[in-house]
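Tertiary structure, described
Spelled out, the chains give:
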Amino acid sequence: MNELDALVESARAGFVQAATPADLENAKAQYLGKSGRITELMKGLGALSVEEKKTRGAAINQAKQAIEGALTERRQALADAELQAQLKAEALDVTLPGRQRGQGGLHPVSLTLERIEAIFGSMGFEVADGPEIESDWFNFTALNTPEDHPARSMHDTFYVEGGSEKAPNLLRTHTSPMQIRHAVQHVKRHRADLDAGRPMPEIRVIAPGRTYRVDSDATHSPMFHQCEGLWVGENVSFKDLKYVFTDFCRTFFESDDLVLRFRPSFFPFTEPSAEIDIQFQHGPLAGRWLEVAGSGQVHPNVVRNMGLDPERYIGFAFGMGPDRLTMLRYGVNDLRLFFDGDVRFLAQFR
Ligand code: DAH
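Criteria and thresholds
- Residues numbered from 1 in each chain as written.
- Predicted model: local features only at pLDDT ≥ 70, side-chain atom pairs only at ≥ 80, totals over all residues.
- Heavy atoms only, no water.
- Salt bridge = Lys/Arg side-chain N within 4 Å of Asp/Glu carboxyl O.
- Helix = DSSP H or I, 4+ residues; strand = E, 2+ residues; numbered from the N terminus.
- Buried < 20%, exposed > 50% of the residue type's maximum accessible area, 1.4 Å probe, protein only.
- Pairing = 2+ DSSP bridges.
- Contact = heavy atoms within 4.5 Å.
- Axes fitted to C-alpha atoms, helices over the stretch in contact; angles between N-to-C directions.
- Polar contact = N/O pair within 3.5 Å; in protein donor to acceptor, adjacent residues only side chain to side chain.
- Near = heavy atom within 4 Å.
- Areas by Shrake-Rupley, 256 points an atom, 1.4 Å probe, with all protein chains shown as cover.
- 1 Å grid on protein atoms, 1.4 Å probe; cavity = no way out; pocket = protein on both sides within 12 Å on 5 of 7 lines; lining within 4 Å.
- Sits in = over half its atoms within 2 Å of the grid points.
- Parallel < 35°, antiparallel > 145°, perpendicular 65-115°, else oblique.
- Nonpolar A, V, L, I, M, F, W, Y, C, P; charged D, E, K, R; others polar.
- Points joined across faces, edges and corners; volume = space filled by probe spheres on them.
- Core = buried A, V, L, I, M, F, W, Y, C linked by side-chain atoms within 4.5 Å.

**A word on the pattern of salt bridges**
Tallying each qualifying case throughout the model produces 19 salt bridges. Where Glu-254 meets Arg-115, a salt bridge forms, and the shortest distance between an N and an O atom there is 3.7 Å. In this pair, Glu-254 sits in the loop between helix 9 (238-252) and strand 7 (259-267) while Arg-115 sits in helix 5 (residues 108-122), placing the two residues 139 residues apart along the sequence. Using a relative accessible area of 59% as the deciding quantity, one classes Glu-254 as exposed.

Right under this line is the structure:
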């Protein structure tokens, strides 16, 4: 192999060894650069005769072209490899399943509250909302609940900062304070009618929301829900309570032959008072009496605290447990499941 052929071979080998375009440019400079081997050889031509220059020049040129050819080939090969690597790195597997966004849904108790609001809404009841931190006045005193009533014990209630030392604020233990809050607003709105001796539009409201007690087991949670109902006018009787609540329960449970029982009871803010039990005629709970609400005719002292004359205004109230209604409707036996936040449980109600 002559010297020029050897040079071409070594250039080709050097180019093949270059793994990156930058390496290749360095290798190229060794042969074709300003002080590369080919350039050096060209410079050497000056010392030769005309005849020798011709043949030697032609031979060097041929070698140069061969090296350039090898360079182009290697450049192309590196560019191809780079493209392949990029294609591989950015490859899309169109057969992979798509990423799905989980579908949310309302909490089962929220579904119940929506149902309660819809049913009572259809019977002309407004929906009112009130504070969960409540004063002693609204939670107890205004509701005719005496100071020595056991519900006021520190052990039964969560007391919070605010209020007075004798009557601290607390997390409301029931939604009944909304009877007073709503009625007072209503009376204020219709003050002119009342002062003029004109009839005031009836108070017809439900007040659903969170309530709190120091209680925790399979059927009690420190936070739970209640929904208060209040209907006050000049001519509202226990008969209306029975009618309204029976209609509500039958619609809520989609069961026309559901039976209700009003069992005498005691609450400080109603007189007379009754516990309301329901009885399904079919299904797994058929035949059992299940307590769903407390109720009664609003006590005259409470009517007075609403700003109304108990000689003229009369009505009824009830308080029910939406959590319990949800358990009965869906056949859930542990209340705590509703508040554990386990999506596997909650997703069943979507
Ligand atoms: N507030 C009562 C409780 O939490 C429930 C209740 C009973 C509400 C009778 C009422 C009622 O409106 O009339 O146990």
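Picking up where we left off.
**Digging into the sheet that holds strand 1 (residues 126-127)**
Ordered by their spatial adjacency, 7 strands build an open sheet running 1-5-6-10-9-8-7, and the pairing between neighbours is mixed. Edge positions in the open sheet fall to strand 1 and strand 7, since each of these has one partner strand only. Where strand 5 (residues 203-212) and strand 6 (residues 223-233) come together, 10 bridges link them in antiparallel fashion. Residue Thr-211 lies in a different strand from strand 6, and its bridge partner there is Phe-224. Here helix 5 sits on the sheet and contacts strand 1, strand 5, strand 6 and strand 10 (314-320); the angle it forms with strand 5, its principal contact strand, is near 170 degrees. Those strands touched by helix 7 (residues 177-189) are strand 1, strand 5, strand 6, strand 9 (289-298) and strand 10, and its axis lies near 145 degrees from that of strand 5.

**Focus on the environment of Glu-202**
Relative to the helices and strands, Glu-202 is located in the loop between helix 8 (191-195) and strand 5. You can call Glu-202 partly exposed: its relative accessible area is 32%. Linking Glu-202 and Ala-183, residues 19 residues apart in sequence, is a C-alpha distance of 9.9 Å. Look past the residues within four positions of Glu-202 in its chain and what remains in contact with it is His-186, Trp-231, Val-232, Gly-233 and Val-236. For Glu-202, the side chain forms a polar contact with the side chain of Arg-204, separated by 3.1 Å. Within the structure, the side chain of Glu-202 is placed 2.7 Å from the side chain of Trp-231, a separation counted as a polar contact.

**Looking at the pairing of strand 8 (residues 270-279)**
Most of strand 8 is tucked away, with 8 of its 10 residues classed as buried. Pairing of strand 7 with strand 8 involves 8 bridges; the strand directions are antiparallel. Opposite Pro-264, over in strand 8, you have Ala-274 as the bridge partner. Between strand 7 and strand 8, which pair antiparallel and follow one another directly, the connecting turn spans 2 residues. By the bridge criterion, 8 bridges tie strand 8 to strand 9 in an arrangement that is antiparallel. Bridging across to strand 9, Glu-275 finds its partner in Gly-294.

**Points about the sheet that holds strand 4 (residues 168-171)**
Overall, antiparallel pairing links the 3 strands, which are arranged 2-4-3 in an open sheet. Lying at the two open borders of the sheet, with one neighbouring strand each, are strand 2 (133-134) and strand 3 (159-163). In the sheet, strand 3 pairs with strand 4 via 2 bridges, with the strands oriented antiparallel. Note that in strand 4 the partner of Gly-163 across the bridge is Pro-168.

**Overview of the site of the ligand**
Close to the ligand lie 15 residues; His-174, Ser-176, Arg-213, Gln-226 and Glu-228 are nearest. A distance of 2.8 Å separates an oxygen atom of the ligand from a polar side-chain atom of Arg-213. A total of 350 Å² of accessible area belongs to the ligand in isolation, and the protein chains cover 90% of it. According to the grid-proximity analysis, the pocket containing the ligand is the largest pocket. When residues of the shell around the ligand are traced back to their parent elements, those giving at least two are strand 6, strand 9 and strand 10.

**Brief notes about the packing of helix 1 (residues 3-17) against helix 3 (residues 37-44)**
Two elements in contact, helix 1 and helix 3, have axes whose closest approach is 11 Å; the angle formed by their N-to-C orientations is 160 degrees. Compared by their axis directions, helix 1 and helix 3 come out roughly antiparallel. Residues Glu-3, Leu-4 and Leu-7 of helix 1 lie in contact with helix 3, whose contacting residues are Arg-37, Ile-38 and Leu-41. Across the contact of helix 1 with helix 3, the residue classes tally to 4 nonpolar, no polar and 2 charged.

**Concerning the layout of surface pockets**
Taken as a whole, the largest pocket spans an internal volume of roughly 1,000 Å³. Along the wall of the largest pocket there are 40 residues; nearest its centre are Thr-173, Arg-213, Phe-224, Gln-226 and Glu-291. Sort the elements by how many residues they give to the lining of the largest pocket and strand 9 lands first, with 6 residues. Across the lining of the largest pocket, the residue classes break down as 15 nonpolar, 17 polar and 8 charged. One number sums up the size of the second largest pocket: a volume of about 370 Å³. Lining the second largest pocket are 18 residues; nearest its centre among them are Phe-280, Leu-285, Met-327, Leu-328 and Gly-331. Here the lining of the second largest pocket takes 3 residues from helix 11 (residues 322-330), the largest share from any one element.

**Structural notes on the nonpolar core**
Burial of nonpolar side chains together is a common tendency in soluble globular proteins. With 39 residues, the main nonpolar core has Ile-116, Phe-120, Phe-245, Phe-248, Ile-278 and Met-320 as its most contacted residues. The set of elements that each furnish at least two residues to this core consists of helix 5, strand 6, helix 9, strand 7, strand 8, strand 9, strand 10 and helix 11. Here the element with the most residues in this core is helix 9; it accounts for 6 residues. Ignoring any residue separated from it by four or fewer positions in sequence, one finds Ile-116 in contact with Gly-121, Ile-206, Cys-227, Phe-248, Phe-252, Met-320, Pro-322 and Leu-325. In terms of nonpolar packing, the next biggest core, distinct from the first, is built from 23 residues, Ala-142, Ala-183, Val-187 and Ile-203 among them.

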